[in-house]
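Examining the three-dimensional arrangement
Chain by chain, the residues run as shown.
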Amino acid sequence: MTAAVTGARPDVPTRLAADDLDLLLLIRHFELALLDMFGRGELHGTTHTCLGQEYVPVALRPLLTDGDHVFSNHRGHGHYLARFADPHGLLAEVMGRQGAVCHGVGGSQHILRDRYLSTGVQGESVPVAAGVALHLNRAEPGHLALVHLGDGTWGEGAVYEGLNMAALWGLPLLLVVEHNGIAQSTPTDAQLAGSIEGRARAFGVDHTLVTATDTALVRAALAPVLRRVREESRPAVVELRTHRVGPHSKGDDSRTPEEIAYAKAHDWYARYAEAYPEQFAAHDERQRAYLAEVVREVAGRPASVWEEADRG
Amino acid sequence: MTAAVTGARPDVPTRLAADDLDLLLLIRHFELALLDMFGRGELHGTTHTCLGQEYVPVALRPLLTDGDHVFSNHRGHGHYLARFADPHGLLAEVMGRQGAVCHGVGGSQHILRDRYLSTGVQGESVPVAAGVALHLNRAEPGHLALVHLGDGTWGEGAVYEGLNMAALWGLPLLLVVEHNGIAQSTPTDAQLAGSIEGRARAFGVDHTLVTATDTALVRAALAPVLRRVREESRPAVVELRTHRVGPHSKGDDSRTPEEIAYAKAHDWYARYAEAYPEQFAAHDERQRAYLAEVVREVAGRPASVWEEADRG
Amino acid sequence: MAERVVENLNQALHALLADDPRLYLLGEDLADPYGGAFKVTRGLSSRWPDRVLSTPLSEGGIVGVAGGLALAGQRAIVEIMFSDFVALAFDQILNFASKSTAMYGRRVPMPLVVRCPTGGNRGYGPTHSQSPQKHFVGIPGLDLYEVSPFHDNQTVLGGMLATGRPGLLFEDKVLYTGRMYADGVVDELFRYDLLDGDVARIWVDDPEQSDCVLVVPGGLAVRAVAVARELLLRDDIVCQVLVPSRLWPLHAAALLPAVARAGRLVVAEESTTGGTWGAELAHAVHTALWGTLRAPVRLVHSADSVIPTAAHLERTVLVQNTDIHRAVKEVVRGA
Amino acid sequence: MAERVVENLNQALHALLADDPRLYLLGEDLADPYGGAFKVTRGLSSRWPDRVLSTPLSEGGIVGVAGGLALAGQRAIVEIMFSDFVALAFDQILNFASKSTAMYGRRVPMPLVVRCPTGGNRGYGPTHSQSPQKHFVGIPGLDLYEVSPFHDNQTVLGGMLATGRPGLLFEDKVLYTGRMYADGVVDELFRYDLLDGDVARIWVDDPEQSDCVLVVPGGLAVRAVAVARELLLRDDIVCQVLVPSRLWPLHAAALLPAVARAGRLVVAEESTTGGTWGAELAHAVHTALWGTLRAPVRLVHSADSVIPTAAHLERTVLVQNTDIHRAVKEVVRGA
Ligand SMILES: Cc1ncc(C[n+]2csc(CCOP(=O)(O)OP(=O)(O)O)c2C)c(N)n1
Ligand SMILES: Cc1ncc(C[n+]2csc(CCOP(=O)(O)OP(=O)(O)O)c2C)c(N)n1
Ligand SMILES: [Mg+2]
Ligand SMILES: [Mg+2]
């Protein structure tokens with residue numbers, strides 16, 4: 001079964017409750033702050049921002065419980081912030097300062113907290129999440145394991161191995177595909193033959209296409225999918241057509257100006273600002289200021305400490 | 001596109017030309033001779049016979065040219081014999097005697113001769129064949145790379161990685177799936193979710209289902225597929241519903257008597273014998289005797305020699 | 001007579017599954033009535049159909065699933081049908097299971113064992129006969145063990161799971177049908193005991209005295225004992241055999257005293273040459289016993305070659321008892 | 001000033017693709033205008049769009065495709081974006097590409113190079129900073145090389161392809177932006193030459209004389225030279241640095257004479273401890289020079305640990321110049 005929820009460019013986005021809007025903007029300003037710091041040479045290593053894709057974890061947030069496992073990937077700041085509302089812990093992790101959620105060992109791409117895990121090798125998490133779902137199915141029915149992955153990650157064989165076992169064994173595994181049309185520098189049509197819908201169906205797995213970028217519409221489209229995964233204990237794939245507004249990592253965007261303009265034109269941020277200028281301005285300013293304060297505070301912390309006893 | 005050629009149990013099999021029948025029976029008696037020798041403890045190691053599936057390479061034989069690459073797997077004796085009509089070289093390989101096609105180094109599962117290659121790690125050959133097809137496409141258009149694989153091998157991620165690249169790049173790659181309903185001891189429905197058809201379609205790849213076990217019908221169904229792969233230079237998947245009449249390897253058949261009886265009931269061998277008793281008897285006797293002679297002759301040869309210069 | 005190694009393994013799995021409701025066992029074709037390619041898992045899926053699962057052909061995926069179970073507070077044992085195919089799970093082992101124990105800034109238990117039927121001498125050919133131990137030596141967070149006829153597998157597997165670190169257990173395929181040793185007795189000449197609960201020590205007469213120490217992983221234990229016997233009877237050389245159950249991290253503390261006393265060490269493995277476990281052990285010994293050894297540590301292993309299928313060719317590649325015998329003699333006699 | 005290492009690599013690829021119409025280059029994101037994650041492949045896909053292909057994320061599959069090209073009489077170079085991901089291609093390397101050179105009973109050319117951007121010190125974290133060389137040591141049929149500022153990459157890559165054996169080329173990521181050395185001159189104190197066309201020898205005053213030999217793979221070459229300089233200026237220790245381009249098979253013949261003369265050897269690598277290339281080299285040296293060394297071969301490497309992301313933590317794990325310095329001093333002074 002494939003369900004499609006369209007609405008790529010509704011004329012007016014749905015007005016959001018304050019907490020949703022705040023979370024969207026928290027993620028946005030977190031990412032902008034990071035790029036800013038990288039630009040000024042204040043950060044070491046690399047990072048991948050989710051600019052333009054913030055609404056995905058925000059839409060999912062009330063649909064998930066603490067008992068659900070979330071697997072994130074390289075582009076995971078939004079996923080983390082939607083789950084924990086902890087910009088300090090995450091920024092400290094990226095900067096290697098005290099209070100870092102993983103003591104600065106994992107950095108931007110490798111985070112574990114409660115039932116949230118991210119790692120840096122694409123595709124690897126799908127079988128791992130299937131294993132978690134195998135346990136949930138037996139011991140904690142009604143909970144699910146969710147994997148965020150990009151369109152490009154469907155190049156990895158591990159995805160199919162995991163999906164096959166999840167389908168065979170009836171496991172509550174949800175793959176949330178953030179299909180932003182590109183993998184690093186490679187457009188989807190140069191790295192993915194056929195379709196994600198076909199790949200889900202090939203394993204007898206339900207697929208839902210969501211082209212909306214409106215948090216409320218996306219949430220409404222996702223709610224029944226999560227319910228089915230929980231109640232019927234079988235995997236599902238949700239494909240969200242989304243738009244990477246920023247570079248792949250720090251500053252590597254080799255798309256044409258037209259392609260970048262196209263992504264920007266689909267950015268929820270500008271459109272929401274236009275639709276609800278007053279509500280937006282107030283929240284936007286608040287989150288921007290909040291993040292500036294977070295950056296200031298965390299940057300002032302001493303370096304993180306990794307105790308011998310924690311070294312595995 | 002999916003084309004289906006049915007005919008699982010036509011009342012009367014098509015009468016075959018002498019060379020086709022001989023080849024079918026050559027393979028059959030080769031395999032029977034091997035099992036016999038294993039049973040008597042005369043062979044070392046292991047082997048996987050293609051009893052019941054002999055018609056697949058026989059049907060393909062006139063559709064392939066010397067310029068095509070064939071990739072075989074663990075169940076490859078029929079594939080080899082259909083290509084080279086060389087039971088001596090193959091038996092010598094299995095027995096480690098002089099004249100062995102790979103000096104006894106490769107054994108039953110690892111054979112390379114001209115553009116024919118088999119290896120023992122399931123799924124690994126699909127990307128390799130895609131690489132060969134990439135070359136053919138550029139340098140020898142009209143030729144193709146064919147991979148024989150089983151239903152169980154679709155568990156391996158490598159299959160999807162290879163198929164994706166072949167589809168993206170428009171490569172003349174043909175996957176011939178011998179779907180015998182089982183992988184070693186595991187029934188297909190316990191190891192493959194969804195369908196092979198779906199898995200081909202997922203990559204935008206044509207799929208053809210062939211349920212006939214009648215060599216002539218199978219050949220007729222395959223001919224247009226191979227033509228398309230060559231002319232249009234794009235991959236295709238052919239799924240042959242077939243029946244493993246023997247054990248997985250030497251003697252490990254844990255199927256129920258009913259399951260084994262079902263496979264036997266679909267064996268082309270008995271049905272052909274029944275339909276054309278005289279033609280069959282003559283050819284059958286000739287090939288049986290020929291193989292007995294091959295066994296006698298090869299068993300009398302000295303051990304194979306592997307020269308230092310050949311050791312890689 | 002003592003039980004066969006395959007029975008000991010099978011009983012170990014029965015006992016562990018019975019004791020621990022969190023334990024899963026995954027692998028290709030391991031369900032009844034087939035019970036696995038080498039019959040190690042017979043009877044298990046019938047008793048615990050929920051926790052003993054035959055999987056698709058997906059070595060990487062299965063180890064990933066096991067990693068997920070471990071992450072979720074469960075425990076998992078995976079059977080890879082032939083250890084050659086563990087190559088397909090290299091990423092899950094290197095980059096997920098072992099990394100996860102430490103890369104999140106705190107210890108994360110990952111109780112997970114990958115069982116690997118290993119080695120040649122069965123005519124299975126180049127892709128079904130390898131000894132891949134060496135490729136996994138020195139992965140932070142990963143332990144390596146090898147089945148031996150001296151080590152009870154319930155103790156070994158239970159101990160591996162208890163560490164909370166992922167581990168690989170190598171199982172020599174020829175050993176399966178051999179017998180376990182019991183009660184400290186090898187035969188009418190040789191006795192054995194366990195040092196630190198890990199290193200089996202096989203000796204004649206006096207455990208504190210030998211002309212040479214021969215260290216081997218479990219897969220070579222029977223062969224090493226046969227060589228030691230020959231050396232004693234034919235050459236009057238007293239060779240003490242040490243068989244650690246844990247290959248990595250090295251159990252140097254338990255191995256060094258005997259080597260120090262004898263002043264001579266031979267390490268034999270079935271692995272092909274280069275980058276071997278033995279080279280690492282040799283380095284530890286050369287460093288720790290610098291200036292006191294009578295000869296350089298001698299490594300014996302298979303040739304730098306693919307492993308051919310035909311028995312007469314396989315022999316030209318795989319380490320032979322005569323190779324080990326010759327090495328010990330040369331080290332002792334200084335040839 | 002000499003060109004940067006990344007430019008040397010890029011020019012090498014340009015030249016090889018221009019010279020050999022059978023050569024392909026495959027990898028993720030290597031097409032223009034992106035030109036690869038580290039920009040090594042810039043400009044190549046524009047000149048040879050048919051033979052320089054950006055691939056999907058499929059490390060195992062890409063190496064498989066390269067194996068197919070090699071089998072079909074072509075040649076292939078694969079770029080793995082971060083060498084950590086070569087774990088996903090372990091099966092294709094171990095069980096297909098290297099096996100195929102020999103397992104069919106005759107030599108089969110498999111001209112295929114897997115390029116692996118390697119190592120830490122860039123804050124990329126535990127799954128993007130590893131040095132996986134050691135896991136590939138001792139695979140029959142497989143060669144290992146490492147990029148160094150002393151070795152021209154056209155010669156290295158051309159030579160690797162010419163052997164007909166598959167090989168891995170490790171490329172230290174920090175080295176990319178550094179400069180090549182040229183004309184035998186390192187700086188005002190040190191000179192270099194190439195032994196056997198493979199081992200770069202860096203010396204002060206007299207190439208035949210040193211207090212200690214320091215062997216490092218190319219990724220540590222710049223660091224080793226810095227250490228040798230410090231040792232000379234601060235400690236008055238003459239340390240000769242040897243940098244083999246080919247790590248495996250070991251180039252023992254070119255390394256041993258200098259070690260024999262000095263009687264002291266330190267091997268430094270960025271790899272985490274255990275099962276290292278250095279241990280294998282140490283064993284060869286201990287055996288060949290038994291009784292003539294003044295001290296056991298000393299190995300210096302990173303800790304037994306995941307590689308953390310934050311710079312101040314990464315330093316506590318990765319080998320530091322001070323570690324190498326201290327090791328040489330201890331070996332020379334006998335501390
Ligand atoms: C196994 C593996 N291969 C390559 C990479 C390098 N890499 C990181 S993100 C990325 C692109 C991923 O594309 P996609 O899945 O579409 O996610 P997006 O970046 O678009 O969110 C690549 C190639 C990786 N991290 N892991
Ligand atoms: C990577 C890998 N895993 C496991 C095996 C062991 N094995 C050999 S054949 C086989 C079953 C294959 O099933 P299928 O693909 O359906 O082919 P069939 O045997 O039915 O012809 C298995 C598990 C292998 N050879 N390679
Ligand atoms: Mg993407
Ligand atoms: Mg099958």
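Since the structure is predicted, the reported quantities are computational estimates derived from the model, not experimental observations.

Cut-offs applied
Residues numbered from 1 in each chain as written. Chains lettered and ligands numbered in written order. Predicted model: local features only at pLDDT ≥ 70, side-chain atom pairs only at ≥ 80, totals over all residues. Heavy atoms only, no water. Helix = DSSP H or I, 4+ residues; strand = E, 2+ residues; numbered from the N terminus. Rg over C-alpha atoms; globule rule 2.2 N^0.38 Å. Buried < 20%, exposed > 50% of the residue type's maximum accessible area, 1.4 Å probe, protein only. Contact = heavy atoms within 4.5 Å. Areas by Shrake-Rupley, 256 points an atom, 1.4 Å probe, with all protein chains shown as cover. Lys, Arg positive; Asp, Glu negative; His and termini not counted. Charge placed at Lys NZ, Arg CZ, Asp CG, Glu CD. Donors = N, O, S within 2.8 Å, 3.2 Å for Na, K, Ca; no water. pLDDT = per-residue confidence, 0-100. Least-squares fit on C-alpha atoms with pLDDT ≥ 70 in both. Axes fitted to C-alpha atoms, helices over the stretch in contact; angles between N-to-C directions. Parallel < 35°, antiparallel > 145°, perpendicular 65-115°, else oblique. Left-handed = near helix turned anticlockwise from the far one by under 90°. Nonpolar A, V, L, I, M, F, W, Y, C, P; charged D, E, K, R; others polar. Expected span 1.5 Å × (residues − 1). Near = heavy atom within 4 Å. Polar contact = N/O pair within 3.5 Å; in protein donor to acceptor, adjacent residues only side chain to side chain. Phe/Tyr/Trp six-rings, centres within 6.5 Å; stacked < 30°, edge-to-face > 60°. Buried area = accessible area lost by both parts, 1.4 Å probe. Salt bridge = Lys/Arg side-chain N within 4 Å of Asp/Glu carboxyl O.

A look at the overall build of chain C
The secondary structure content of chain C amounts to ten helices and 13 strands. Rg of the C-alpha trace for chain C: 20 Å, near the compact-globule value of 20 Å for 335 residues, within the 12% margin. Within chain C, the proportion of its 335 residues that are buried is 71%. For chain C, contacts bridging at least 24 residues in sequence account for 78% of all contacts bridging at least 6. Of the accessible surface of chain C, which amounts to about 9500 Å², a share of 51% is contributed by carbon and sulfur atoms. The distance from the centre of the 30 positive side-chain charges to the centre of the 37 negative ones in chain C is 1 Å.

So, the overall build of chain A
From N to C terminus, chain A includes eleven helices and ten strands. For chain A, the C-alpha radius of gyration of 19 Å lies close to 20 Å, the compact-globule estimate for 312 residues. In terms of its C-alpha atoms, chain A occupies a principal-axis envelope of roughly 55 × 50 × 35 Å. Counting all 312 residues of chain A, 65% fall into the buried class. In chain A, once contacts between residues fewer than 6 apart in sequence are set aside, the share between residues at least 24 apart is 76%. Here chain A holds 29 positive side-chain charges and 40 negative ones, and the gap between their average locations is 1 Å.

Quick word on the coordination of the magnesium ion (ligand 4)
Residues and elements named next belong to chain B. All of the protein donors around the magnesium ion (ligand 4) are Asp-151 (OD), Asn-180 (OD1) and Ile-182 (O); their distances to the metal are 2.0 to 2.2 Å. Coordination of the magnesium ion (ligand 4) draws on donor residues from a single chain, spaced D-x28-N-x1-I in sequence. One end of the pair, Asp-151, is in the loop between β5 (145-150) and α6 (157-169); the other, Ile-182, is in strand β7 (residues 182-183), with 31 residues separating them in the sequence. With respect to class, Asp-151 is no different from Ile-182; both count as buried.

Regarding the confidence of the model for chain C
The pLDDT averaged across chain C works out to 97; a share of 100% of its residues lies at or above 70. With pTM at 0.98, the complex prediction returns an ipTM value of 0.98.

Re the relation of the copies chain D and chain C
When chain D is fitted to chain C, the best match, at an RMSD of 0.0 Å, comes from turning it 180° and sliding it 0.0 Å along the axis. Classification of the inter-copy transformation places it as that of a two-fold axis. It is His135(D) whose C-alpha, among those of chain D, lies nearest the rotation axis, at 2.3 Å. When the interface residues of chain D are mapped onto chain C, 100% of them again lie at the interface, so the same face is used by both copies.

Observations regarding the packing of helix α1 (residues 18-39) of chain A against helix α11 (residues 277-299) of chain A
Residues and elements named next belong to chain A. Close contact between α1 and α11 brings their axes to 8 Å; oriented N to C, the two are set at 45°. When the interaxial angle is binned, α1 and α11 end up oblique. Considering how the two elements wind past one another, α1 and α11 form a crossing that is right-handed. From α1, Ala-18, Leu-21, Asp-22, Leu-25, Leu-26, His-29, Phe-30, Ala-33 and Met-37 reach across to α11, where they touch Gln-279, Phe-280, His-283, Asp-284, Arg-286, Gln-287, Arg-288, Tyr-290, Leu-291 and Val-295. Looking at side-chain class alone, the contact of α1 with α11 contains eleven nonpolar, four polar and four charged residues.

Describing helix α11 (residues 277-299) of chain B
Residues and elements named next belong to chain B. With 23 residues, α11 should reach 33 Å at 1.5 Å per residue; the first-to-last C-alpha distance of 32 Å fits that figure. Every buried residue of α11 is listed here: Gln-279, Phe-280, His-283, Asp-284, Gln-287, Leu-291, Val-294, Val-295 and Val-298. Where the residues of α11 are buried, they touch α1 (18-39), α4 (87-95) and α10 (268-275).

Observations concerning the site of ligand 2
The environment of ligand 2 is formed by 23 residues, the closest being His74(B), Arg75(B), Gly152(B), Thr153(B) and Glu59(C). Neighbouring residues of ligand 2 are distributed over chains B and C. Within the side chain of Asp151(B), one N or O atom sits 3.0 Å away from an oxygen atom of ligand 2. One of the backbone N or O atoms of Gly152(B) is found 2.8 Å from an oxygen atom in ligand 2. When its residues are assigned to classes, the shell around ligand 2 shows seven nonpolar, ten polar and six charged.

Details of the side chain of Gln191(B)
Examined against the element boundaries, Gln191(B) turns out to sit in the loop between β8 (186-187) and α7 (196-201). Among the polar contacts made by the side chain of Gln191(B), one reaches the side chain of Asp151(B) at a distance of 3.0 Å. Among residues more than four places away in sequence, those in contact with Gln191(B) are Asn164(A), Leu168(A), Asp151(B), Gly152(B), Ile182(B), Ala183(B), Thr186(B) and Pro56(C).

Details of the packing of aromatic side chains
In total, this model carries 38 aromatic pairs over all chains according to the counting rule given. Measuring from ring centre to ring centre gives 5.5 Å for Phe38(C) and Tyr176(C), while their planes differ by 35°; the resulting arrangement is tilted. Taken as a pair, Phe38(C) in the loop between β1 (23-28) and α2 (44-47) and Tyr176(C) in the loop between β6 (167-172) and β7 (190-195) lie far apart in primary sequence, 138 residues in all. With respect to burial, Phe38(C) and Tyr176(C) carry one shared label: buried. An aromatic cluster of three or more residues is present, and its members are Trp154(A), Tyr160(A), Phe203(A), Trp154(B), Tyr160(B) and Phe203(B).

Here's the deal with the site of ligand 1
Close to ligand 1 lie 23 residues; His74(A), Arg75(A), Gly152(A), Thr153(A) and Glu59(D) are nearest. With respect to ligand 1, its neighbouring residues span chains A and D. At 2.7 Å from an oxygen atom of ligand 1 is found a side-chain nitrogen or oxygen belonging to Arg75(A). Ile182(A) is positioned such that a nitrogen or oxygen atom in its backbone is 2.9 Å from an oxygen atom of ligand 1. When the free accessible area of ligand 1 is taken as 570 Å², the share hidden by the protein chains comes to 98%. Classifying every residue of the shell around ligand 1 by side-chain character gives seven nonpolar, ten polar and six charged.

Considerations on the interface of chain C and chain B
Across the contact, 31 residues belong to chain C and 30 residues belong to chain B. For the pair chain C and chain B, the summed buried surface comes to about 2300 Å²; carbon and sulfur atoms form 58% of the total. Looking only at chain C, the three residues that lose the most surface to chain B are Tyr34(C), Leu57(C) and Leu313(C), adding up to 26% of its buried area. In this assembly, chain C and chain B are joined by zero salt bridges. On the surface where chain C and chain B come into contact, there are 13 residue pairs in polar contact (both at pLDDT 80 or more). A total of six residues in the side of chain C that touches chain B trace back to one element, the largest contributor, which is helix α9 (residues 311-317) of chain C. A per-class count over the side of chain C that touches chain B returns 16 nonpolar, eleven polar and four charged.

As for the interface of chain D and chain C
Between chain D and chain C, the residue contacts involve 41 residues of the former and 41 residues of the latter. For the pair chain D and chain C, the summed buried area comes to about 3500 Å², and 67% of that belongs to carbon and sulfur atoms. Considering only the side of chain D, the residues that lose the most area to chain C are His135(D), His283(D) and Trp290(D), jointly responsible for 18% of the buried surface there. On inspection of chain D and its partner chain C, the count reaches zero salt bridges. Within the residue set of the side of chain D that touches chain C, elements represented by two or more residues are α4 (90-100) and α8 (277-288) of chain D. Among the elements that line the side of chain D that touches chain C, the one with the most residues is α8(D), at six residues.

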